[in-house]
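Results of the structural survey
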Amino acid sequence: MSKKLISFRDKQRKRQQSRGPQRPRSGPPHEWDDLVWYWRRILQSPLQLAGRQGWTERMMWSNAILAGLIRIIGLTIMDGFHLLLILTTFVNMLFLAFLFYYGMTWVIDWVVGRTRGSHPYFSVADLRREVIVLSGWIVIFALLALIPAPFFSLLALLGFAAMLVRAVHQVYRVTWGQTLMASAAGILSIVAVLYILSSINAL
């Protein structure tokens, strides 16, 4: 009598049974899962800092994309559909997120390094993790910008500035005077770049 042939699937099934039940993969299966995870954590604790949780750059870029979509919807409702305006608004929102994540954090880190003393402690990576946590303010600003009164947009900017000062102080452990100076330098540098770019576009 010939032996029964054992197929590859039978071997794989036996191997899986010997290992026990397998858990689903922990990796995100979709691009927007990080955004959902981000807002779930933020809504649970709106004033939290980065801590040791797994904040990723994808969360910041997803917030920037979401804010861009909100701005596009608002502009389409108020001014009608204009393809060039939509593309410009979307690109500007991504560029703004780029400036805050790389430009502002570099300026803040540079100012802290020059004012801390002879042995500066550079933690720009830690500061950028805090900026990821604060990236939800981009979405809040885009939502409040839909309201005709400019007071609400100013309120969002002040809220972001206050949270940024707190994050800088938490990361670098410097005095409040150094924290305010570094945070102001970072914010003003971004404002200066945006003003220059808007002046060039107006020509």
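First things first, this report covers the structure right here in the doc.

Digging into the packing of aromatic side chains
- As enumerated under the stated definition, the model contains eight aromatic pairs in all.
- An angle of 70 degrees between the planes, with centres 5.4 Å apart, marks the rings of Trp 37 and Trp 55 as edge-to-face. Residue Trp 37 is located in helix α2 (residues 33-44), and its partner Trp 55 is located in the loop between α2 and α3 (57-79); the two are separated by 18 residues in the primary sequence.
- The class for Trp 37 is partly exposed, based on a relative accessible area of 30%.
- Residue class for Trp 55 comes out buried when judged on its relative accessible area of 7%.
- Plain terms: the ring middles of Phe 98 and Tyr 102 are 5.1 Å apart, the flat faces sit at 45 degrees to each other, and that makes the pair tilted. Here Phe 98 and its partner Tyr 102 are both found in helix α4 (residues 83-116), four residues apart, which amounts to about one turn of the helix.
- Residue Phe 98 is classed as partly exposed on the basis of its relative accessible area of 39%.
- Overall, Tyr 102 belongs to the partly exposed group, its relative accessible area being 29%.

A closer look at the packing of α2 against α3
- Running from amino to carboxyl end, α2 crosses α3 at an angle of 90 degrees, the nearest separation of the two axes being 9 Å. It follows from the interaxial angle that α2 and α3 lie roughly perpendicular. Facing α2, whose interface residues are Asp 34, Leu 35, Trp 37, Tyr 38 and Trp 39, α3 presents Arg 58, Met 59, Ser 62, Asn 63 and Leu 66.
- Of the residues contributing to the contact of α2 with α3, the split by class is six nonpolar, two polar and two charged.

Points about a nonpolar patch on the surface
- Together, Phe 95, Phe 98, Leu 194, Tyr 195, Ile 196, Leu 197 and Ile 200 line one region of the surface with nonpolar side chains, adding up to about 650 Å² of accessible area.
- Secondary structure elements with two or more residues in the nonpolar patch: α4 and α8 (176-202).
- The element best represented in the nonpolar patch is α8, accounting for five residues.
- For Phe 95, the position within the fold is in helix α4.
- Using a relative accessible area of 32% as the deciding quantity, one classes Phe 95 as partly exposed.

Regarding the nonpolar core
- Ranked by internal contacts, the top residues of the largest apolar core, which has 28 residues, are Trp 55, Met 104, Ile 108, Leu 164 and Tyr 172.
- Mapped by element, the contributors of at least two residues to this core are α2, α3, α4, α5 (124-134), α7 (150-172) and α8.
- At eight residues, the largest contribution of residues to this core is made by α4.
- Ignoring sequence-local partners within four residues, the contact set of Trp 55 consists of Trp 37, Tyr 38, Arg 41, Ile 42, Gln 48, Leu 49, Ala 50, Arg 129, Ile 132 and Val 133.

Topic: helix α6 (residues 136-144)
- The complete set of buried residues in α6 reads Gly 136, Ile 138, Val 139 and Ala 142. Angular distribution of buried residues about the axis of α6 spans 155 degrees; they occupy a single face of the element.
- The secondary structure elements touched by the buried residues of α6 are α2, α3, α4 and α5.

Re the side chain of Glu 130
- Along the chain, Glu 130 falls in helix α5.
- With no salt bridge to any partner, buried Glu 130 finds its closest opposite charge in Arg 129, at an N-O distance of 5.6 Å.
- A distance of 3.1 Å separates the side chain of Glu 130 from the backbone nitrogen of Ala 50, its partner in a polar contact.
- Sequence-distant contacts of Glu 130, that is, excluding residues within four places in its chain, are made with Leu 49, Ala 50, Gly 51, Ala 167 and Val 171.

Conventions and cut-offs
- Residues numbered from 1 in each chain as written.
- Predicted model: local features only at pLDDT ≥ 70, side-chain atom pairs only at ≥ 80, totals over all residues.
- Heavy atoms only, no water.
- Phe/Tyr/Trp six-rings, centres within 6.5 Å; stacked < 30°, edge-to-face > 60°.
- Helix = DSSP H or I, 4+ residues; strand = E, 2+ residues; numbered from the N terminus.
- Buried < 20%, exposed > 50% of the residue type's maximum accessible area, 1.4 Å probe, protein only.
- Axes fitted to C-alpha atoms, helices over the stretch in contact; angles between N-to-C directions.
- Parallel < 35°, antiparallel > 145°, perpendicular 65-115°, else oblique.
- Contact = heavy atoms within 4.5 Å.
- Nonpolar A, V, L, I, M, F, W, Y, C, P; charged D, E, K, R; others polar.
- Patch = residues over 30% accessible without salt bridge, like charges linked within 9 Å, V, L, I, M, F, W, Y side chains within 5 Å.
- Areas by Shrake-Rupley, 256 points an atom, 1.4 Å probe, with all protein chains shown as cover.
- Salt bridge = Lys/Arg side-chain N within 4 Å of Asp/Glu carboxyl O.
- Core = buried A, V, L, I, M, F, W, Y, C linked by side-chain atoms within 4.5 Å.
- Arc of directions from axis to C-beta.
- Lys, Arg positive; Asp, Glu negative; His and termini not counted.
- Polar contact = N/O pair within 3.5 Å; in protein donor to acceptor, adjacent residues only side chain to side chain.

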